[in-house]
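# Descriptive structure summary
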2 protein chains.
Amino acid sequence: MTQRRPTMHDVARAAGVSPATVSRVVNNERYIREETRAAVERAIAELGFERNEAARSLRPGQTTDTVALVIEDAVNPFWSAVTDGAEEVARRHQHMLVVASTRQSYDRERDLLRDLVLRRRVDGVLVVPTAHTQRDLHAELGRWAPMVFLDRVPAGVPADAVVLDNQGGARQAVQSLVEQGYRRIAYVGGDPSVTTGRSRLAGYKQALKRAGLPFDPALVRLNAHTVGDARTAAADLIEAGEVDAFFADNNRMCVGVLHAARGARVGVAAFDDIEFADLLPHPVTLVTYDAAAFGAHAAELLFARINGAGTSPKRSVHRTTVVTRGG
Amino acid sequence: MTQRRPTMHDVARAAGVSPATVSRVVNNERYIREETRAAVERAIAELGFERNEAARSLRPGQTTDTVALVIEDAVNPFWSAVTDGAEEVARRHQHMLVVASTRQSYDRERDLLRDLVLRRRVDGVLVVPTAHTQRDLHAELGRWAPMVFLDRVPAGVPADAVVLDNQGGARQAVQSLVEQGYRRIAYVGGDPSVTTGRSRLAGYKQALKRAGLPFDPALVRLNAHTVGDARTAAADLIEAGEVDAFFADNNRMCVGVLHAARGARVGVAAFDDIEFADLLPHPVTLVTYDAAAFGAHAAELLFARINGAGTSPKRSVHRTTVVTRGG
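Chain A goes by LacI family transcriptional regulator in an unreviewed UniProt entry, where it is assigned to Paractinoplanes bogorensis.

As structure tokens, this is what we get:
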């Protein structure tokens, strides 16, 4: 039983516009009224107009041999290692990798993804969603090119995703601090609306509970966004004499905590590896993993989709290992 | 006085092939005999066939709105900061940035550049040449798209380049070690055929000379390519009791030297910043600069070329500052 697939003309008719206008919306061209764009996008969604049809009508027989990686920023060593792993896989599949940064702005994420998927027609996208990612955006764009979420999962989007074992890793690191004898363990972290942060905080609570330690909200400092923020938060807690150890929920938070902890006799654990841990004069417990392999893993899933593998969304969890270094 | 510009048909005639074959070579398609490719490339070079003609014949009225950055690898924090700065400038010019890594292989550099310039038609390329870069490659590809060399300059290619003040920075860092009282200062570095390494070694020698200290080749350890290599080289020198300080010629070498120097009473200086320097229990002297601004600076020069600015090659030196941190 085959059904006729909708064409661009069907979309135009349903939206009450010309096929040329549909093409302009699909190409993400400028100077299209917002209502017109919305009407066309609604018609595309309702008719289930598929990327393949678009490709056939607009770009006959071509692929761009390009995939995109949309990250937060290229400077954080976590993202640069992920980029390196993804680039290597893209190269093996004869694709180039375009790298773009959201800098945690949803507006920028939306503009980038539209440009990459609709105008530049990349063959697929690896995307680290921002905290404010809208479900509709990914539903709309996922129709045109396979997308794999990396590191985080936006709420309510049934999509492919490759994430770290955030909860398990955080739990084990905090358990390690408990085993080292610490009892008043603070949590320093970023945006609690991001799934990674939420899961790591859950792991922290779980470890306290298993150790029979009380959860004290006064020891949880969230919404630190820079090394400086984390340093200030940790210094405040040390000065108040309220803590004997810290769990930092990522590598930036860890650097800030380490600055505050210089000379203080406090334990430190963190999510993410830090290269210089061995050089520190005191021990630090880290949730480590192979970031390049993580990026490569996500890229392999993306290429499997590009090459037509299955359709039911796949969630893959990359394992972590807790190590104590330095001292 | 205007001369008729050569067309693809002229190239085809000169090379004794069909225009379609010229197009296939220019498009870097597969399954072209190496001799045919060589004949076409020779004809292109001899006739001075220009990119504009190619663009007009093959891609009428279009640009790709894409520029490329070809670096060594994405993981080194130096390259990731450069990438971040270049991406921001590309974005301001409504361009996407494709990032590709040579991993220090000339074969890979050649394949990447041909693919980017000839097949994908990027509007311009920022490239960090490998140690073995061939003059002909850049002369050939520079005809099709503006290229700006970043960080290093291949010998004998009169091209745009943005570099750091390698010699001056290294000289000042070694002078600082002398002022700190060190007299037997070793040099740990990578490939001496790369211009950055050569200039930094020259700065080291200059500082010794100015201080009236002898240059001892036994204290110079080159061809270290990894953190592990640098660590071994530095550990050997420490064990022999031959040195009281090290100058490491980049951030990777510095991490290796710092590992070897743990617990030893030796001075350490290095080219490049390292984020964790403040956390170390001993001082380290660093040649710092704004790597993101460096990448942005090179990208701005590339866009000036893309937009038609001048033609005489421009060499721009980005300044460095020596600081002592940690301790």
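Read on, since the account is not over.
## Here's the deal with the nonpolar core
Residues Y204(A), F246(A), F276(A), Y204(B), F246(B) and F276(B) are the most contacted members of the largest nonpolar core, which totals 146 residues. Other than its neighbours up to four places away in sequence, F276(A) contacts V255(A), L258(A), F276(B) and L279(B).

## Let's talk about helix α3 (residues 34-47) of chain B
In an α-helix, one turn spans 3.6 residues, which is why side chains three or four residues apart end up on the same side. Residues and elements named next belong to chain B. Along its 14 residues, α3 runs 20 Å from first to last C-alpha, staying within 8% of the 20 Å computed at 1.5 Å per residue. Within the sequence span of α3, burial applies to T36, R37, A39, V40, E41, A43 and I44. Buried residues in α3 make contact with α1 (8-15), α2 (19-26), α6 (106-119) and α7 (135-142).

## Observations regarding the interface of chain B and chain A
Counting from both sides, the interface comprises 42 residues of chain B and, opposite them, 41 residues of chain A. Interface area, chain B with chain A, both sides summed: about 3,700 Å², of which 48% is carbon and sulfur. R103(A) is the salt-bridge partner of E88(B), the closest N and O atoms lying 2.8 Å from each other. Inspection of the chain B/chain A interface yields 24 residue pairs in polar contact (both at pLDDT 80 or more). Those elements that place two or more of their residues in the side of chain B that touches chain A are α5 (77-92), β2 (96-101), α6 and α11 (251-261) of chain B. For the side of chain B that touches chain A, the element with the highest residue contribution is α5(B), accounting for seven residues. Of the residues assigned to the side of chain B that touches chain A, the class counts are 17 nonpolar, nine polar and 16 charged.

## Things to note about unusual backbone geometry
Excluding glycine, residues mostly carry a negative phi; peptide bonds, for their part, are mostly trans. The residue D65(A) is not glycine, and still its phi comes out positive at about 50°. Looking at the element boundaries, D65(A) is found in the loop between α4 (51-58) and β1 (66-71). Backbone geometry places N223(B), a non-glycine residue, at a positive phi of 60°. The exposure class assigned to N223(B) is partly exposed, which follows from its relative accessible area of 44%.

Each value, and the rule that gives it
Throughout this description, residue numbers start from 1 for each chain and increase along the sequence as written. The order in which chains are written sets their letters, starting at A; the order in which ligands are written sets their numbers, starting at 1. pLDDT decides what is reported in this predicted model: residues at 70 or higher carry local features, side-chain atom pairs at 80 or more are listed and counted, and totals for whole chains, interfaces and linings draw on all residues regardless. Side-chain descriptors were evaluated using all non-hydrogen atoms of the structure, hydrogens and water having been removed beforehand. Throughout this description, the term nonpolar core refers to a set of buried Ala, Val, Leu, Ile, Met, Phe, Trp, Tyr and Cys residues connected via side-chain atoms within 4.5 Å. To sort residues, take the accessible area from a 1.4 Å probe on protein chains only and compare it with the maximum for the residue type: under 20% means buried, over 50% means exposed, and anything in between is partly exposed. By the convention used here, residues are in contact when the closest approach between their heavy atoms is within 4.5 Å. In this text, helices come from DSSP runs of H or I with a minimum length of four residues, and strands from runs of E with a minimum of two, each type numbered from the N-terminal end. In this analysis, the expected span of each helix is defined as 1.5 Å times one less than the number of residues it contains. In this description, buried area is defined as the sum, over both parts, of the accessible area (probe of 1.4 Å) that is lost when the two are combined. Salt bridge, as used here: a side-chain nitrogen of Lys or Arg that lies within 4 Å of a carboxyl oxygen of Asp or Glu. Pairing of N or O atoms within 3.5 Å defines a polar contact, subject to two protein rules: one partner must be a possible hydrogen donor and the other a possible acceptor, and residues neighboring in sequence count only if both atoms are side-chain atoms. Gly counts as polar in this scheme, as do all residues outside two lists: the nonpolar Ala, Val, Leu, Ile, Met, Phe, Trp, Tyr, Cys and Pro, and the charged Asp, Glu, Lys and Arg.

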